[in-house]
Amino acid sequence: MSATVNSTATQTEVFGFIPQGVFYTVLAAVVIIIVGYVVGRLVEILIKKISYTTGLDAFFRKTSVGRALLRSGYTAGDFLGLFVKWVIYISRNFLRTP
């Protein structure tokens, strides 16, 4: 007689139906997404405050790019903050090691 072992039966399961490896992978992905979101938001707020206090917005209002940003409803700080925030969001997906 040959004994066959079911591979799913030998894996440790979480909550009785989720394989442990899958659970930890999903948990790590959720943590990475939350940390990336928080870091992106904090950096956006920091860049906005720095641009307002250094006078970057006032400087950009004198340029054609700054006037175009104002017409679109953004200040220079808002635009730079949004840009850096999205770079952080996107880079969180590409910088992780396989």
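Predicted model, so just to flag it, every value in this text is computed and none were measured.

1. Some remarks on the overall build of the protein
Then, number 1: Across its full length, the protein carries five helices and two strands.
Then, number 2: From first element to last, N terminus to C terminus, the protein shows the α and β order α-β-β-α-α-α-α.
Then, number 3: Among the 98 residues that make up the protein, the fraction classed as buried is 16%.
Then, number 4: Across the protein, the fraction of contacts at a sequence separation of at least 24, relative to all contacts at a separation of at least 6, is 52%.
Then, number 5: Looking at the protein as shown, the accessible area adds up to about 7,700 Å², and 70% of this sits on carbon and sulfur atoms.

2. Topic: a nonpolar patch on the surface
Then, number 1: On the surface, Val 22, Val 26, Val 30, Ile 34, Tyr 37, Val 38 and Leu 42 cluster together to form a nonpolar patch covering roughly 630 Å² of accessible area.
Then, number 2: By the element assignment, Ile 34 lies in helix α2 (residues 20–54).
Then, number 3: The exposure class of Ile 34 is partly exposed, given its relative accessible area of 47%.

3. Some thoughts on the pattern of salt bridges
Then, number 1: As enumerated under the stated definition, the model contains four salt bridges in all.
Then, number 2: Between Arg 41 and Glu 44 there is a salt bridge, and its shortest N-O distance comes to 3.2 Å. Taken together, the positions of Arg 41 and Glu 44, both in helix α2 and three residues apart, correspond to about one turn of that helix.
Then, number 3: By relative accessible area, Arg 41 is classed as partly exposed at 34%.
Then, number 4: A relative accessible area of 4% places Glu 44 in the buried class.
Then, number 5: Two residues, Lys 85 and Glu 44, come together in a salt bridge whose shortest N-O distance is 3.5 Å. Taken together, the residues Lys 85 in helix α5 (residues 76–94) and Glu 44 in helix α2 connect sequence positions 41 residues apart.
Then, number 6: Three or more residues joined by partner-sharing salt bridges are found here, namely Arg 41, Glu 44, Lys 48, Asp 78 and Lys 85.

4. Considerations on the side chain of Lys 85
Then, number 1: By relative accessible area, Lys 85 is classed as buried at 10%.
Then, number 2: A polar contact is formed between the side chain of Lys 85 and the side chain of Glu 44, at a distance of 3.5 Å.
Then, number 3: The residues touching Lys 85, leaving out its near neighbours within four places in the chain, are Gly 40, Arg 41 and Glu 44.

5. Quick notes on α2
Then, number 1: For α2, which comprises 35 residues, the first-to-last C-alpha distance of 50 Å matches the rise-based estimate of 51 Å (1.5 Å per residue) to within 8%.
Then, number 2: Those residues of α2 that fall on the buried side of the exposure criterion are Gly 36, Gly 40, Glu 44 and Ser 51.

Conventions adopted
- Residues numbered from 1 in each chain as written.
- Predicted model: local features only at pLDDT ≥ 70, side-chain atom pairs only at ≥ 80, totals over all residues.
- Heavy atoms only, no water.
- Helix = DSSP H or I, 4+ residues; strand = E, 2+ residues; numbered from the N terminus.
- Buried < 20%, exposed > 50% of the residue type's maximum accessible area, 1.4 Å probe, protein only.
- Contact = heavy atoms within 4.5 Å.
- Areas by Shrake-Rupley, 256 points an atom, 1.4 Å probe, with all protein chains shown as cover.
- Patch = residues over 30% accessible without salt bridge, like charges linked within 9 Å, V, L, I, M, F, W, Y side chains within 5 Å.
- Salt bridge = Lys/Arg side-chain N within 4 Å of Asp/Glu carboxyl O.
- Polar contact = N/O pair within 3.5 Å; in protein donor to acceptor, adjacent residues only side chain to side chain.
- Expected span 1.5 Å × (residues − 1).

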